[in-house]
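# Observations on the three-dimensional arrangement
Below are the chains, spelled out letter by letter.
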Amino acid sequence: MVLKVFFPSCCSSADSGILIGRWISEQNSAVILAVVHFPFIPVQVKQYLSEVQRVTKVSVSVLGSWSNSKQEKEESLSEFLEDLGTIFCHEPWIQISKEGDSKFWSCSTLQKHSKNPQEEEVILVYYDQRKVMLSHLHPPLDTAGQRAEDASKLSAIFDTVARSRVLFMRDRYDEGPIKLTHWQSDGVEASIIVELMKQASVPACMLLTFLLSLVSGICRSRVLKFWPLSFLWSKLSTCEQLGHRLQHLQVISSNKKAQNQTQLMRKANIFVSLLIDVALGILLMSWLYRKNRIGHLADTLIPVADHVAEELQDLLQWLMGAPAGLKMNRALDQVLGRFFLYHIHLWISYIHLLSPFIEMILWYVGLSACLGLTVALCILSDIIALLTFHIYCFYVYGARLYCLKIYGLSSLWRLFRGKKWNVLRQRVDSCSYDLDQLFIGTLLFTILLFLLPTTALYYLVFTLLRLLVVIVQGLIHLLVDLIDSLPLYSLILRLCRSYRLAAGVKFRVLEQQDGKPLRLLMQINPMSYGGVVQTYRLPTYSCYPRDSWASLCKKLFLGELIYPWKHKGEKQN
């Protein structure tokens with residue numbers, strides 16, 4: 001049989017001693033966890049291992065001996081290491097020794113109590129204890145019922161190291177009769193700043209939870225459920241983004257401990273996303289309030305609005321003539337053109353009425369950037385929606401008129417074929433019409449058919465203008481969704497500590513020589529960056545289109561309205 005010995009690379013320079021770890025009989029494998037140095041008392045070692053086994057529920061025992069060739073080799077030491085096999089009574093007794101300046105190690109097994117001792121082929125697998133501990137490739141610690149099933153898998157190795165955390169808390173500076181070497185033997189990893197932040201996070205989370213409960217109580221009050229406020233809350237992207245960030249703050253400030261790695265990473269990603277969002281917002285705010293850029297922006301806004309209105313007037317004058325040489329219905333053309341020109345006149349008056357307050361409004365809007373760059377971008381999207389409200393009105397008028405004519409023509413076309421739409425059964429049924437009905441239907445069909453090109457042209461022009469505004473707002477919301485959903489903490493972790501986001505393991509052959517154990521190196525395979533984004537991507541609300549291209553083209557042809565927002569309560573994962 002093949003004996004697999006998993007040896008921690010941090011113990012390769014340890015002093016001579018005994019090997020403690022777990023024996024997995026299903027795999028015929030030994031997982032070495034630490035090295036106990038000389039001198040020691042065997043009774044104290046057994047008591048310590050029984051205490052570790054009681055706490056971790058891992059069958060930790062003495063598996064063999066370790067001899068470092070850097071120490072002076074004495075016959076008494078080698079004999080003592082062999083005699084330890086009779087004291088601790090483990091079959092097989094593993095003996096690992098480092099030979100002089102050679103890069104090869106010797107690994108042998110003793111089976112003193114076996115009647116038919118057989119020489120086993122040994123595979124020595126090195127592993128990084130720190131990476132294995134933090135890679136989270138082991139099953140969850142609370143799934144005790146599945147440990148027996150996983151005993152024949154490689155996850156049993158990771159589970160053994162993960163559950164032996166208590167063993168790694170003792171370092172060489174601890175006063176006691178037992179000295180260990182493992183991945184934290186030089187001292188437990190800690191940071192004064194991290195510990196201070198942990199202590200300060202408890203009252204900070206309590207205060208933040210109290211403030212958030214007040215804000216959420218106000219948001220759930222009946223005042224916001226009345227028609228004007230509820231309509232604005234559901235349609236303005238700024239309100240949607242504030243509600244989204246409020247949910248994020250509630251997740252971060254929650255006292256409930258994360259149950260698994262996914263929940264922990266979600267909290268960390270939300271926290272880092274909030275920090276970066278607020279930092280970028282503060283940078284934007286400092287840029288806006290420097291060198292009076294708010295005033296320059298306010299002075300530029302009114303001329304730009306006037307220029308857009310003039311261009312729309314020129315476009316309507318072109319449509320009221322003979323656009324592209326097309327022969328339009330002059331009466332309908334003049335009515336529609338004057339109707340839209342009057343709306344532009346109202347819009348210009350509205351803009352000039354607000355012109356004295358534009359700078360003050362922008363000054364207060366700029367302060368909202370301290371809530372985050374995403375909030376500032378959502379406010380920019382809402383401002384664009386308000387400044388182009390007349391284009392939206394033109395699009396709605398044109399779409400309703402075009403839709404009315406399309407449905408009228410389709411209904412009259414069914415009349416010619418002797419059919420009608422059954423509203424109750426939602427289907428087309430046969431129907432007999434008299435002569436008067438056919439005559440009136442023919443007149444109406446002719447009128448609608450000859451007026452359709454004029455209406456379709458206005459609808460096409462205003463739909464293109466509306467799509468241009470929707471595309472600009474869509475690009476803004478794509479940036480907002482990117483900041484909201486991108487798992488920044490996971491990507492930074494993948495870049496700096498890729499083993500924390502492990503996707504599997506691979507083995508690399510170090511040395512292979514006849515008469516010597518095969519030496520392998522177990523390495524952690526990190527997740528790809530695309531896998532990290534797909535696995536830990538945060539859920540967001542999306543304002544932009546969830547329709548397919550075929551559905552979008554169908555809506556445009558039938559004249560149905562295209563709403564740039566999502567209805568309240570809909571979310572995109």
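Residues numbered from 1 in each chain as written. Predicted model: local features only at pLDDT ≥ 70, side-chain atom pairs only at ≥ 80, totals over all residues. Heavy atoms only, no water.

To continue, consider the UniProt feature "transmembrane region" (unreviewed entry) in the chain. Summarizing the sequence annotation, UniProt attributes the feature "transmembrane region" (unreviewed entry) to residues 200-219, 270-289, 335-354, 361-388, 394-416, 437-461 and 467-492 in the numbering used throughout. The straight-line gap between the two end C-alpha atoms of residues 270-289 is 28 Å; of that span, 95% is helix and 0% is strand. Taken as a whole, residues 361-388 contains 79% helix and 0% strand, while its terminal C-alpha atoms sit 17 Å from one another. (UniProt positions renumbered as here; feature names shortened; annotations may be inferred. Helix = DSSP H or I, 4+ residues; strand = E, 2+ residues; numbered from the N terminus.)

Position of L236 among the secondary structure elements: in the loop between helix 6 (227-235) and helix 7 (237-252). Residue class for L236 comes out partly exposed when judged on its relative accessible area of 30%. With 146 residues separating them along the chain, L236 and D382 place their C-alpha atoms 6.5 Å apart. (Buried < 20%, exposed > 50% of the residue type's maximum accessible area, 1.4 Å probe, protein only.)

Together, F357, M360, I361, W363, Y364 and L367 line one region of the surface with nonpolar side chains, adding up to about 600 Å² of accessible area. Tracing the chain through its elements places Y364 in helix 11 (residues 358-367). (Patch = residues over 30% accessible without salt bridge, like charges linked within 9 Å, V, L, I, M, F, W, Y side chains within 5 Å. Areas by Shrake-Rupley, 256 points an atom, 1.4 Å probe, with all protein chains shown as cover. Salt bridge = Lys/Arg side-chain N within 4 Å of Asp/Glu carboxyl O.)

Quick look at the packing of aromatic side chains now. Inspection of every chain in the model, using the stated rule, returns 16 aromatic pairs. Ring plane angle 65° and centroid distance 5.5 Å describe the contact between F339 and F340, whose orientation is recorded as edge-to-face. The class of F340 is buried, set by a relative accessible area of 3%. Ring centres of F340 and F462 lie 4.7 Å apart, and the angle between their planes is 65°; on these two criteria the pair is classed as edge-to-face. Placement of F340 in helix 10 (residues 330-354) and of F462 in helix 14 (residues 435-485) is noted, with a sequence separation of 122 residues between them. Classification of F462 as buried rests on a relative accessible area of 1%. By the ring-pair criterion, three or more aromatic residues cluster together here, those being F339, F340, F394, Y397, Y458 and F462. The ring of Y529 is capped by R494, whose NZ or CZ atom sits 4.6 Å from the centre of that ring. (Phe/Tyr/Trp six-rings, centres within 6.5 Å; stacked < 30°, edge-to-face > 60°. Lys NZ or Arg CZ within 6 Å of the ring centre and 35° of its normal.)

A side chain with one charge can pair with a side chain of the opposite charge if their charged atoms come near. Considering all chains together, one arrives at 4 salt bridges under this definition. The shortest N-O distance in the salt bridge between R163 and D159 comes to 2.9 Å. With R163 and D159 both in helix 4 (residues 155-163) and 4 residues apart, this pair spans about one turn of that helix. Overall, R163 belongs to the buried group, its relative accessible area being 11%. Across the pair D277 and R245 runs a salt bridge, and its minimum N-O distance is 3.1 Å. Linking D277 in helix 8 (residues 261-288) with R245 in helix 7, this pair joins segments that are 32 residues apart in sequence. According to the relative accessible area criterion, D277 is buried, its value standing at 0%. Classification of R245 as buried rests on a relative accessible area of 6%.

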